[in-house]
Amino acid sequence: MVDHSEYKRMIVEFLYGEITPQRESLLLRHLAQCEECRRELREIRQAREILQPLRNPAPSPRVVLKERVSLPWAAALFLLSFLFLLFNLIYRGLPRTEGLRNPSQITETLEIKEPPDFSVLLEDYEAYFLQEEDYLSIEDNRR
Amino acid sequence: MSKEIVVKAKRGEKKAMERLIREWQPRLYNFALKHLGNPDDAVDVTQQVLFIMSRQLKKLREPSAFSVWLYSIAMNEIRKTWRKRREEVAEVPDYMGEKEGLAFAALQLLPPHQREIILLKEIEGFSVKEISEILSIPEGTVKSRLFYALKALRAQYLRLKEEAYGRPQ
């Protein structure tokens, strides 16, 4: 004996084309004699029709992919830049004089040890962080 | 969606991963929007799901199960958003027409467990078996829940329609 809750499950299988032939013939026989289940079937069909307009896709935002630089690497890069900056500041501030014999040699040494442009390094670091934040960012183009 | 793209992305091929993301993003956004009823939350969830997917794809054992796996992630993220949300912020999007707006509003009035099952079946077109895997519930429960969810949706739709246009003669 099949109870009504099982017929409800069969109605779902039937409407979505997921019913076996045996269960379908069982359901159809039952529907022929059960007014309540026929009404349930009609109502479920109506509900599916109500949902029809929702199948239109919504205007969707656009995903922008960017290269990812992981946070540990960005932090390591920052630390290296900082240490390099510190080292060069100390080096420039306290030049070693041992072994230098005359002022021309000092000038030559300082020219060779010209430090790099740290502002560029720091900008690079900021760019990495921006990329981290912006990774997989979604641009809202609905407006 | 070919299994080949998933396999390539799983191997770490950047182009394949980009294609996966571009192809699935609109579907996930639609799903999240219709579930959460709020475009900002839908964008956040979509972004989070795609991010998790890009990080976890290598762990997916069976590439043919990609869509079921992706929607399991989406359901988790949507539920997390629901828990965080203190108040109802659903609103009918401007682009929707009359019938679509009413259907959308009726959907938002359902409890989340009914809404999710309707969206997975009616909008995303998953089979009962796939939904049972996405939601980790038995197939029999999927069928019963879907039956009662559709009945509830119809009732809410008719109520909203009556409020908007009056009782039909």
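Now for a quick tour of the structure. (Residues numbered from 1 in each chain as written. Chains lettered and ligands numbered in written order. Predicted model: local features only at pLDDT ≥ 70, side-chain atom pairs only at ≥ 80, totals over all residues. Heavy atoms only, no water.)

Structural notes on the overall build of chain B
Going by this rule: A run of DSSP states H or I qualifies as a helix once it reaches four residues; a run of E qualifies as a strand once it reaches two. Both are numbered from the N-terminal end. Residue burial is assigned from relative accessible area. The probe radius is 1.4 Å, only protein chains are included, and a residue is buried under 20% of its type maximum, exposed over 50%, and partly exposed in between. Whether two residues are in contact is decided by their heavy atoms, any of which lying within 4.5 Å being enough. Here the open area of atoms and residues is found with the Shrake-Rupley method and a 1.4 Å probe, where only the protein chains shown may cover a residue.
Secondary structure assignment for chain B yields eight helices and zero strands. Among the 169 residues that make up chain B, the fraction classed as buried is 51%. Partitioning the contacts of chain B with sequence separation of at least 6, the portion at a separation of at least 24 is 65%. Of the roughly 8500 Å² that chain B leaves accessible, carbon and sulfur atoms contribute 49%.

Here's the deal with the overall build of chain A
Secondary structure summary: chain A contains six helices and two strands in total. Here chain A holds 143 residues, and 29% of them are scored as buried. For chain A, long-range pairs separated by at least 24 residues make up 67% of all intrachain contacts whose partners lie at least 6 apart in sequence. In the structure as shown, chain A presents an accessible area of about 9800 Å², 58% of it carried by carbon and sulfur atoms.

Some words on helix α6 (residues 112-123) of chain B
What sets the pattern is the α-helix's 3.6 residues per turn: residues three or four places apart point alike. Residues and elements named next belong to chain B. This is how it is decided: In this analysis, the expected span of each helix is defined as 1.5 Å times one less than the number of residues it contains.
Helix length check: α6 (twelve residues) gives 15 Å between terminal C-alpha atoms against 16 Å at 1.5 Å per residue, within 8%. For α6, the tally of buried residues reaches nine of twelve residues, placing the bulk of the element in the interior. If you check which residues of α6 are buried, you get Gln114, Arg115, Glu116, Ile117, Ile118, Leu119, Leu120, Lys121 and Glu122. Phi turns positive one or two residues past the end of α6, at Gly125, with a value near 70°.

Thoughts on the environment of Arg55 of chain B
All names here are of chain B. Structurally, the position occupied by Arg55 is in helix α3 (residues 39-56). Among the residues examined, Arg55 registers a relative accessible area of 40% and is labelled partly exposed. Taking the C-alpha atoms as reference points, Arg55 and Lys10, separated by 45 residues in sequence, lie 9.7 Å from one another.

Here's the deal with a negative patch on the surface
Residue and element names in this part refer to chain B. For the record, the criterion: Without a salt bridge and with relative accessible area above 30%, a residue can belong to a patch; like charges are then joined within 9 Å and nonpolar side chains (Val, Leu, Ile, Met, Phe, Trp, Tyr) within 5 Å. Salt bridges, as used here, are contacts in which a Lys or Arg side-chain nitrogen is within 4 Å of a carboxyl oxygen on Asp or Glu. His is not counted, nor are the chain ends, whereas Lys and Arg count as positive and Asp and Glu as negative. Note that the charge is assigned to NZ on lysines, CZ on arginines, CG on aspartates and CD on glutamates.
Where like charges cluster on the molecular surface, the negative patch consists of Asp40, Asp44, Glu91 and Asp94. In this structure, Glu91 sits in the loop between α4 (66-84) and α5 (98-108). The partly exposed category is assigned to Glu91, whose relative accessible area is 47%.

Points about helix α8 (residues 139-165) of chain B
Here α8 of chain B contains 27 residues, and its C-alpha end-to-end distance of 39 Å stays within 8% of the 39 Å for a straight helix at 1.5 Å per residue. Along α8 of chain B, the residues classified as buried are Val142, Lys143, Ser144, Leu146, Phe147, Ala149, Leu150, Leu153, Arg154, Tyr157 and Leu160 of chain B. Where the residues of α8 of chain B are buried, they touch α1 (4-15) and α3 (35-51) of chain A together with α5, α6 and α7 (128-135) of chain B. Two residues or fewer after α8 of chain B comes Gly166 of chain B, characterised by a positive phi angle close to 85°.

Observations regarding the pattern of salt bridges
Applying the stated criterion to the full structure yields 24 salt bridges over all chains. Of the charged contacts, one joins Arg23 of chain A and Glu13 of chain A as a salt bridge, the two residues approaching to 2.8 Å between their closest N and O atoms. A residue pair is termed long-range when its members are at least 10 positions apart, and Arg23 of chain A in helix α2 (residues 21-33) and Glu13 of chain A in helix α1 qualify at ten residues. Salt-bridge contacts for Arg39 of chain A lead to Glu43 of chain A; the nearest nitrogen and oxygen are separated by 3.2 Å. With Arg39 of chain A and Glu43 of chain A both in helix α3 and four residues apart, this pair spans about one turn of that helix. Looking at Arg39 of chain A, the relative accessible area reads 34%, which means it is partly exposed. By relative accessible area, which is 13% here, Glu43 of chain A ends up buried. One network of salt bridges, in which partners are shared, links Lys8, Arg39, Glu40 and Glu43 of chain A together with Lys151 and Arg154 of chain B.

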